[in-house]
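Structure assessment
Each chain is listed here by its residues.
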Amino acid sequence: MAAAPEDVPELARLLEIDPYLKPFAPDLQRRYRQFNKTLNDIGENEGGIDKFSKGYESFGVHRCADGGLYCKEWAPGAEGVFLTGDFNGWNPFSYPYKKRDFGKWELYIPPKQNKSTVVPHGSKLKVVITSKSGEILYRISPWAKYVTREGCNVNYDWIHWDPEHPYKFKHSRPKKPRSLRIYESHVGISSHEGKVASYKHFTCNVLPRIKDLGYNCIQLMAIMEHAYYASFGYQITSFFAASSRYGTPEELKELVDTAHSMGITVLLDVVHSHASKNSEDGLNMFDGTDSCYFHSGPRGNHDLWGSRLFAYSSWEVLRFLLSNIRWWLEEYAFDGFRFDGVTSMLYHHHGVGQVFSGDYHAYFGLQVDEDALIYLMLANHLAHTLYPDSITIAEDVSGMPALCSPVSQGGGGFDYRLAMAVPDKWIQLLKEFKDEDWNMGNIVYTLTNRRHLEKYIAYAESHDQALVGDKTLAFWLMDAEMYTNMSVLAPFTPVIDRGIQLHKMIRLITHALGGEGYLNFMGNEFGHPEWLDFPRKGNNESYHYARRQFHLADDDLLRYKFLNNFDRDMNKLEERRGWLSAPQGLVSEKHESNKIIAFERADLLFIFNFHPSKSYTDYRVGTTLPGKFKIVLDSDAAEYGGHQRLDHNTEFFSETFEHNGRPYSLLVYIPNRVALILQNVDLPN
């Protein structure tokens, strides 16, 4: 984990990839120097980032080898710090911490005479802070490993988690997938029942479904503890605690371990962009001041989100956040992270009210929060040094250049970024345009407009599009008829027919052309009806929309099964052919009046006919490959709710006839609203 030389080792490579960055080379050099300086400072003062990122081994409350307890907190604004709980009858001042340098406080509690610990597993604790203004504040340690809420209590309780038989992982981590097919998941809504589902339920019922669908990665949302369920897990109160509303830490470990046994990579949706404003059971005002882990004053508040903002240049904040990264990698065996709210972190304006047009000046200058950027570089450096196969994904809407380039090039160090313009494009088309007015060139541009050699995760929709106030693609397409006409016994109405065909086509072209990875939010693969809405006062605390009705896809009498089948076979074909890990697709046709898009990727020929009514006989499509072709995926097949207009035994032969810039071409029958994948059978599988 030694630091690299001060000069950016591979900056020339980055500038070769993107010459438009040359005027900003001094900015990239300054950022790298600051990253390098921070890494060196950590080495000189803490013995290296390896030791620095193990803060969870000393901070918080820990059982020592002799049965005693060692307790440590960082509370620079406190006048006094104490430990209280069930173990001392909640006497607030009987166990005072000793003040150390740099705002740290320590306490050692000897064991009982029989060498057992004074604070047993499962007992309640609180840190008591006396503030400089004389207030007595009851707080949960920022390093608490387990917190839970009893009954109708408003606040969470800190539970000392020290089980006699902690979970032991049985399976090794999967190798980094060549192609990343992500199933975005939320444990709590994974059941059809009107309740919060459990880790156990997800492990037993949802993981096998994910495996069967051909996804090789799950991205778990709402795992870091959050007091407000309806925040979707984005208002974190306890950063080191796995959410207790789904079960115990050991049950989450079993979930991850079981996924690994299936060859499934597990990513955590990590939220280091902000924190809940809760003080009784959150980080806010921990030491009685409005600073501590956050910026003081207006800079420490995100007005739009109503949350607190970290002071990323603070030494102890860096320790806390980097240790949090390591904690989830090592304690729970997660394989990487999707970093939430990266745009908010990168800029002092947090992206609020900004339009990123692609002008590079927006990505450099005083508006960039370089403290946050340096933290992200350090987090990526740590994750990839500890586990070279770990995966990090940035949720950034701004398109900051080099965010997904290696740190050694002066980049942010992420492996992937989310292609956030793609779902917006599909929603815009469905909301604002008739099918016959869809612009093929604009669709192709949106799907292929990405930075060279920076990997993107493409998706047609994620949890964002499923939330109340918006609609899923299936609901935009079929709306009220989903309630009445999804039975195979009901008439195949024009609305349902259009919806089923376009749902498949949108997903396949996004999957095949939109990036180097693919993401789907749980249930959307089969066109889950309705929206997501968590229990809250506004809906009378109802769980009706906070669940996933997987049984709909399992019912042979419902048409949801067709979309489910297509999603599975699309993923399984990608697993065999690997188009996500192949170079970007070569588009040969985007015909506006015919509504045809054709491209090649991974030696497969993809053809899409988006025309609402026109089918084409003997339509000529260009290809780079000579030889014989056969259909390997057809959205019009019966098992996908199609009209079975194509004979899959048909063989197509390319001829030496140049077309659309390709040396060969073939003639194909392309029905309306159909997506086809043709494979050259003369090539090895």
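What you see as residue numbers is a count from 1 along each chain, following the sequence as written. It should be noted that, the model being predicted, local features are given only for residues of pLDDT at least 70 and side-chain atom pairs only at 80 or more, the latter also being counted only at that level, while totals for whole chains, interfaces and linings use all residues. Neither water nor hydrogens contribute to the side-chain values; these are computed over all heavy atoms in the structure.

With respect to the side chain of Thr 392
Looking at the secondary structure, you find Thr 392 in strand β18 (residues 391–394). A simple rule labels every residue: compare its accessible area, found with a 1.4 Å probe on the protein chains alone, to the largest value its type can have, and call it buried under 20%, exposed over 50%, or partly exposed in between. We classify Thr 392 as buried; its relative accessible area is 0%. Those residues in contact with Thr 392 that lie beyond four places of it in its chain are Phe 337, Phe 339, Asn 380, Ala 383, His 384, Gly 413, Phe 414, Asp 415 and Tyr 416. A run of DSSP states H or I qualifies as a helix once it reaches four residues; a run of E qualifies as a strand once it reaches two. Both are numbered from the N-terminal end. What makes two residues a contact is simply this: any of their non-hydrogen atoms within 4.5 Å.

Let's talk about the packing of aromatic side chains
Side-chain rings of Phe, Tyr and Trp (the six-membered ring for Trp) are treated as a pair once their centres are within 6.5 Å; stacked means planes under 30 degrees apart, edge-to-face means over 60, and tilted covers the remaining angles. As enumerated under the stated definition, the model contains 48 aromatic pairs in all. With centroids separated by 6.4 Å and ring planes inclined at 70 degrees, the aromatic side chains of Tyr 20 and Tyr 360 adopt a geometry described as edge-to-face. Pair noted here: Tyr 20 is in the loop between α1 (11–17) and α2 (25–46) and Tyr 360 is in the loop between α7 (342–346) and α8 (370–386), with a separation of 340 residues, a long-range link. According to the relative accessible area criterion, Tyr 20 is exposed, its value standing at 64%. By relative accessible area, which is 16% here, Tyr 360 ends up buried. When the ring of Tyr 293 is compared with that of Phe 320, the centres are 4.9 Å apart and the planes differ by 55 degrees; the resulting orientation is tilted. Placement of Tyr 293 in the loop between β14 (265–270) and β15 (301–302) and of Phe 320 in helix α6 (residues 315–330) is noted, with a sequence separation of 27 residues between them. The same class applies to Tyr 293 and to Phe 320, which are both buried. A ring has a charge above it when a Lys NZ or an Arg CZ is no more than 6 Å from the ring centre and no more than 35 degrees off the ring normal. The ring of Phe 59 has Lys 72 sitting right over it, with the charged end atom 4.6 Å from the ring centre. A cation over a ring is seen here: Lys 253 above Tyr 332, with NZ or CZ 5.4 Å from the ring centre.

Looking at unusual backbone geometry
The backbone of Lys 115 shows a phi angle near 75 degrees, a positive value even though the residue is not glycine. Relative to the helices and strands, Lys 115 resides in the loop between β5 (104–109) and β6 (124–131). Taking relative accessible area as the criterion, Lys 115 reaches 59% and is therefore assigned exposed. Its identity is not glycine, yet Ala 222 carries a phi of approximately 55 degrees, on the positive side. Overall, Ala 222 belongs to the buried group, its relative accessible area being 3%.

What about the UniProt feature "active site" (unreviewed entry) in the protein chain?
UniProt positions are given in the numbering used here, feature names are shortened, and annotations may be inferred rather than shown by experiment. As annotated by UniProt and renumbered to match this structure, "active site" (unreviewed entry) occupies Asp 340 and Glu 395. These annotated residues cover 56 residues of sequence, but their C-alpha atoms sit close together, with the largest distance between any two at 5.5 Å. Of the annotated positions named here, the second largest pocket is lined by Asp 340 and Glu 395. Position of Asp 340 relative to the elements: it lies in the loop between β17 (336–339) and α7. A relative accessible area of 8% places Asp 340 in the buried class. Residues within four places of Asp 340 in sequence aside, it is in contact with Tyr 234, Asp 269, Val 270, Val 271, Ser 273, Met 345 and Glu 395. As for its position among the elements, Glu 395 is in the loop between β18 and β19 (416–418). Among the residues examined, Glu 395 registers a relative accessible area of 13% and is labelled buried. Apart from residues no more than four positions distant in its own chain, Glu 395 is found in contact with Arg 338, Phe 339, Asp 340, Gly 341, Val 342, Thr 343, Leu 418, Met 420 and Asp 464. As defined here, a cavity is a set of points on a 1 Å grid over the protein atoms alone where a 1.4 Å probe fits but cannot get out. A pocket is an open set with protein on both sides within 12 Å along at least five of seven lines, and residues line them when an atom is within 4 Å of a point.

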